[in-house]
Each structure stands twice: as C-alpha cells, then as structure tokens.
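Below are the chains, spelled out letter by letter.
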Amino acid sequence: MTQSRSRSFFSESGVAGLTHRAFTAGMGYDSADMARPLIGICNTSSELNPCNSHLPALAAAVKRGVLQAGGFPLEFPTISLGEVHLSPTSMLWRNLAAMDTEEMIRGNPLDGVVLLTNCDKTTPAALMGAASADLPSIMLSGGPMLNGHYQGEVLGACTDCRRYTAEYLAGEIDGATYREVEANLVRSAGHCMVMGTASTMNSLMEALGMALPGNGAIPAVDSRRMQLAAAVGRQIVRLVEADIRPSQILTPAAFDNAITLLHALGGSTNAIAHLPAIAGRAGIELPLSRFDELSRRSPLIANLRPTGSYQMEDLFYAGGIPAVLKMLLPLLHGEALTVTGRSLAENVADAATSNAEIIRSLDDPLQPEGGLSILRGNLAPDGAVIKHAAATPALMSHRGPALVFQDVADLRARIHDSALDVTPDHVLVLQNSGPIGGPGMPEVGNLPIPQKLLKRGVRDMLRLSDARMSGTSYGTIVLHIAPEAALGGPLALVRDGDEIELDVAGRRLQLHVDDAELASRRTGWTPPDPAYTRGYGQLYLRHVNQAPQGCDFDFLRGRTPVTATAQPKF
Ligand code: FES
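Residues numbered from 1 in each chain as written. Predicted model: local features only at pLDDT ≥ 70, side-chain atom pairs only at ≥ 80, totals over all residues. Heavy atoms only, no water.

1. A few points about the overall build of the protein chain
Piece 1. Scanning the protein chain from N- to C-terminus turns up 21 helices and 14 strands.
Piece 2. Taking 25 Å as the expected radius of gyration for a compact globule of 570 residues, we find that the protein chain reaches 24 Å, a close match to that expectation.
Piece 3. Relative to its 570 residues, the protein chain shows a buried fraction of 60%.
Piece 4. A separation of at least 24 residues holds for 76% of the contacts in the protein chain among residues at least 6 apart in sequence.
Piece 5. Here the protein chain has roughly 20600 Å² of accessible surface; of this, 52% comes from carbon and sulfur atoms.
Piece 6. The protein chain carries 47 positive and 57 negative side-chain charges, and their two centres are separated by 4 Å. (Helix = DSSP H or I, 4+ residues; strand = E, 2+ residues; numbered from the N terminus. Rg over C-alpha atoms; globule rule 2.2 N^0.38 Å. Buried < 20%, exposed > 50% of the residue type's maximum accessible area, 1.4 Å probe, protein only. Contact = heavy atoms within 4.5 Å. Areas by Shrake-Rupley, 256 points an atom, 1.4 Å probe, with all protein chains shown as cover. Lys, Arg positive; Asp, Glu negative; His and termini not counted. Charge placed at Lys NZ, Arg CZ, Asp CG, Glu CD.)

2. Comments concerning helix α21 (residues 535-543)
Piece 1. For α21, the complete set of buried residues consists of Y536, G537, Y540 and L541. The buried side chains of α21 occupy one side of the element, clustering within an arc of 140° when seen end-on.
Piece 2. On its buried side, α21 packs onto α5 (94-107). (Arc of directions from axis to C-beta.)

3. Brief notes about the packing of helix α12 (residues 252-265) against helix α16 (residues 320-328)
Piece 1. Where α12 contacts α16, the two axes come as close as 11 Å, and the packing angle between them is 105°. The orientation of α12 relative to α16 falls into the category roughly perpendicular. When α12 is examined against α16, the residues T260, L261, A264 and L265 are found in contact with a partner set consisting of I321, V324, L325 and L328.
Piece 2. Considered class by class, the residues forming the contact of α12 with α16 number seven nonpolar, one polar and no charged. (Axes fitted to C-alpha atoms, helices over the stretch in contact; angles between N-to-C directions. Parallel < 35°, antiparallel > 145°, perpendicular 65-115°, else oblique. Nonpolar A, V, L, I, M, F, W, Y, C, P; charged D, E, K, R; others polar.)

4. Concerning helix α13 (residues 271-281)
Piece 1. With 11 of 11 residues buried, α13 is to be regarded as a mostly interior element.
Piece 2. When α13 is considered as a whole, its buried residues turn out to be A271, I272, A273, H274, L275, P276, A277, I278, A279, G280 and R281.
Piece 3. Just downstream of α13 lies G283, where phi reads positive at about 75°.

5. Some points on the nonpolar core
Piece 1. Ranked by internal contacts, the top residues of the largest apolar core, which has 112 residues, are L208, L250, F255, L261, L275 and L315.
Piece 2. Broken down by element, this core gets its largest block of residues, eight residues, from α12.
Piece 3. Those residues in contact with L315 that lie beyond four places of it in its chain are A217, L304, G320, I321, V324, I358 and I359.
Piece 4. Core analysis: the next-biggest nonpolar cluster, separate from the first, contains 27 residues, A380, A485, V504 and L509 among them. (Core = buried A, V, L, I, M, F, W, Y, C linked by side-chain atoms within 4.5 Å.)

6. Re the packing of aromatic side chains
Piece 1. By the definition in use, this model includes eight aromatic pairs.
Piece 2. Ring geometry for Y168 versus Y178: centroids 4.5 Å apart, planes at 10°, classification stacked. Remark: Y178 occurs in helix α8 (residues 175-185) and Y168 occurs in helix α7 (residues 159-169); sequence separation between them is 10 residues.
Piece 3. Owing to a relative accessible area of 37%, Y168 belongs among the partly exposed residues under this scheme.
Piece 4. Given the relative accessible area of 26%, Y178 is considered partly exposed.
Piece 5. Considering the side-chain rings of F316 and Y317, the 5.8 Å spacing of their centres and the 50° angle between planes classify their relative orientation as tilted.
Piece 6. When its relative accessible area of 16% is taken as the criterion, F316 is described as buried. (Phe/Tyr/Trp six-rings, centres within 6.5 Å; stacked < 30°, edge-to-face > 60°.)

7. A look at the pairing of strand β2 (residues 72-77)
Piece 1. Inspection of the sheet shows strand β1 (residues 38-43) paired to β2 by six bridges, in the parallel sense. Residue pairing for β2: G40 is matched across the bridge by L74.
Piece 2. Between the parallel pair β1 and β2, the chain is carried across by helix α4 (residues 55-68), and the sense of this crossover is right-handed. (Pairing = 2+ DSSP bridges. Right-handed = clockwise from strand over helix to strand, strands pointing away.)

8. Here's the deal with the environment of A419
Piece 1. Within the secondary structure, A419 sits in the loop between α18 (408-414) and β10 (427-430).
Piece 2. Given a relative accessible area of 64%, A419 falls into the exposed group.
Piece 3. Along the sequence, A419 and K452 sit 33 residues apart, while their C-alpha atoms lie 8.9 Å from each other.

9. Some words on the pattern of salt bridges
Piece 1. Within this structure, the stated rule accounts for 28 salt bridges.
Piece 2. When the shortest N-O distance is used, the salt bridge between R296 and D292 registers 3.4 Å. Highlighted residues: R296 and D292, both in helix α14 (residues 288-297), separated by four residues, approximately one helical turn.
Piece 3. Residue D292 is classed as buried on the basis of its relative accessible area, which comes to 10%.
Piece 4. Sharing partners across several salt bridges, the network here consists of E102, E103, R106, R281 and D552. (Salt bridge = Lys/Arg side-chain N within 4 Å of Asp/Glu carboxyl O.)

10. Here's the deal with the sheet that holds β2
Piece 1. With parallel pairing, the four strands of this open sheet are ordered in space as β2-β1-β3-β4. If you trace the sheet from one side to the other, it starts and ends with β2 and β4 (137-141), each paired once. Between one strand axis and the next, the sheet turns by 20° as a mean value, whatever way the strands run.

11. What to know about the state of the cysteines
Piece 1. If you walk through the whole model with that rule in mind, you get one disulfide.
Piece 2. Bridging C158 to C161, the disulfide has an S-S length of 1.9 Å. Negative torsions about the S-S bond denote left-handed disulfides, and the value of about -80° found for C158 with C161 makes this one left-handed.
Piece 3. A residue is classified by how much of its surface remains accessible, and C158, at 24% relative accessible area, is partly exposed.
Piece 4. On the basis of relative accessible area, C161 is assigned to the partly exposed category, the value being 23%. (Disulfide = S-S within 2.5 Å.)

Written as structure tokens, this is what we have:
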C-alpha cells in the first residue's frame, strides 16, 4: 500500500485531480510536497481537556520529523475526551471518539497516521479506531505531569485528591491545608502522574508495540518528549515505506505482553475494559480469564502509586518503561513486532535500571503476583475485577452484611448521613452504575467511606459495584461486576443485610442468599428507565457491550482495512 493512497489522490485525472491539487496548493504546498507520503497527525488537543492542551507543540515536532524523513505531514483534529470537564463520564464517548478517528483515517487520502493522545480515554479510543482502519500508525502520548510538592511531601493527581479529601472530611486537616494541596497539586502540562489510567494506557502502548520506547514515562515538559515526537515523525514515514500495519503488530502475543506489563506496573483496572475493546478491533478475543492467568505468573515490580510509593517522573529517571520491559523479558513474547520495525526485545536491549527501589527485579518483586485479579461467583457470573495490590490485606478475605445504594443519586444523598446504619464490617454496594445503568460505566466504584466512620479512623471498607473507578483510586473495591444491575444481573437483587463474601485468594465473590429467594426477587425486578431516548445516547444504550467485552459497540468490533487507493468521490 506504500504511498498509494495519496499518490492516487493527487494524480487523479479530470476535475477530481484538479481540485485535489489546487486546494492543497491553496494552503501553500506544491507538487514536491504532494509527491511524498501523506502523513496524518491526528490531534486530540483541546482546551477542554487540560491533559491534552499542550499537544500542538508535540504535533509541530512530529511534523519536523516527518519532513526530515521525506514525508508530507497534515494535522487534523478529532474529538478530545477529558476526565475533568466531561459529564457524566468520558467513557460514554470513548466509542464515538474511536469512530471519529477511524472514519477520518478512512475518509482522507492518508498513507500513515500519528495519533496524539494523553488523557485516559483518548489513547484507547484512538487505537481502537486505528486498529479498525489498519493504516500504518504510531501512538504518541503527551506524557505525565511533573510531581507535585507540598511541605516536603510529593503530591500525585489524583490519588492525593481523594486522600486529602478523606482527611479533610475526617477533620484531620483544616480548610487552609486543603486549599494548599489544591494549589500545589498540578505543576505542569501532562496527564495524571501516578500510575492511573492515562499512565497505564500510555505505558501499555510500548508493550503492545504501537509506540516508540519512552512513550510511557517521559514527562510532558521534558525536552526528550519533543525529541520523541520528532522521532515518531521520522519513523511513521519508514513504517509507510515498509507497509507495517496495526494488524501485524496487534497479535495475541502483543496483548499478552501488554497484560503482563499491566500487572507488573500495578496498573489501572480500566485497562481491563480498554484492552478487550482494542483486541476486539483486531479480531482477537481477550477473555477476563487471560488477565487472571497472566496475573498469577506476573510479579508486581514497579513501585508506583497508588499501589506503591513513587510516580511517573521518578519512573522515568529510573529507566522508564523500557527498563521495566527489559526486566520482564523472561515473561514476554520478546519476538513481537513493534512500530520500530524491530522486535520488543530489540527495542529494550539497551535499557538500564538506575533505581532498584522503583524498578524491582523478578527475584525481588513487591508482590509475587500481579496487582489485579478477576473474581467470579453467583454475584458476578460473568466476572468482576479487583485491584488487590491497592487494597487492604485484612479485607482480602471478608464476609459482611450489604448496605445497598440503588444508584449514584442515592449514594450521594445518604453516604455521609450521620443516621446511616453502617459499621466497618458492612459491604457497601452500588447498583445501576454499569455501561447501561450509569450510563457510561462512570468512575464511581470507589464509594466514599461514610463520614461517621472516617471520623472514627476507618479508611477502607469492602465496596462493590458494576461501575469503574479511576486508576488513581485505592482501597478494597470490586468493580465491573457483570452482568450489570441494569440488565438484571444478580447485583440488582442484593438487599440490605444480605451476607456477601469476598475471597481474593480463591477469586470468589459470593452472595449468601439461596437460589429460591433470588428467583423470587427476580420476579419483582424491573429495569430502570433508559437514560436516553434519542441521539448518541440512545445509540450507545442499544449497542454497548458489557465490561468483559470492553464496552465497545457491537457493530464496531473487527476491522475494515482502508482501501489501497483513496476512495472515489461521488
Ligand atoms: Fe487526564 Fe487524569 S485527568 S489523566
């Protein structure tokens, strides 16, 4: 397919070719530009997405690299999804962003594309679209923020947003301190700098083979991030010349590599929704069982918050993701092809670890198994997820009475009520917060600890839901329960006082209510009213898959590779 799409576009005869060339020349380009491989720079920059607002400078560096290598770079925007500003949840639009990316790649006469992303959903969305379009592609993220600092303490977004809010509600810090934390938290451009969802997904791009080494950890404002962008610009031209496409890179071996890195990093639970969605675009089934199989043989070796002590800037100084991957090589498919045109093992051959406290060896891990587990039981027949590495060890085996909240509105109305009948042994249960019930499977699974218990010193409880949680969250939190409550999953049938048992070692989540009683409750169950009756929301409700399938739309799974020549106009 080498350069065939742009060549056919610019060399077409008649009025079509005339307009293609004339309007491109109208931007100041000439035939020498139009003779080169046309590289699209898909930019998710937006001032409504602070994590991606600095991407124009990176786009300029990518263009410089494309020109150095003899390509013709043209930048285009796609939808940007920011965690902070979008309501009710950015996940509601991840698939819309993926459609935007895929169709703009398909509709324009591009030979290759660089995908500029950063905040949580922008990275999986862009790769889902690129995987379905299957044009030579490289992922490039904007990088993490620098560490925050306050009175000698390192601050991390947004792990410390939650931690200090809990301390404030508990009366342990005053309003002035709370405001100082806010003022010192976000020091620079970039995405959240703990091992949250953005750090996770942008790091996994290296293991998948879809990003150049260094993509995960180079800070957003480090000059080496700009140098990486220029290198990406040069490499995408070579990738077009070699005609290496995502379908050759996104193989089962590549997903095994990504899952192994996910466990080794103590990465975000959100990856367990995004990776199956990306794999689905590549025609690969990625069942939850594969995450659990690889968890049992993948030690946690990166000492990063919220499971550990350090942050992305520290990881970069310690050797970055290439050093972590090199440490993991005995557990990886090192022969897997990457966008460098070389194997994963070749990419990291020269990587070195400079801080054994941050990047541990396989012989001296932080935990012998990965940080995430898949649970099953009569409460989660199709699976549930727990990030046990960020949970309280004493709660890993727990049985207690349920305290049920029907939805997020009910939770907000009652959780801090001083009259709430709750003890530290209770299991907090949130219903109707899954892909359909949320809608959009919002990051509300880290239910707040009731204020009356915070004041008694309680900082963690067992909490369950069909929602997601931010990758920056921590605690004993079971998520992604499937099928979700809004579809009539067993979670919908839980009532106050029911006994619930969690056994992480046995990977079990059990509702101790007999089958006859559950059947009786089911006859009285009615689904909640749909959140949307028109527009994109209704399309979403009709077609979204459940969490184990990655919450993609049923009609978007798989790929339709772009045609070798530009599409004819009608
Ligand atoms: Fe964008 Fe955290 S808000 S990565």
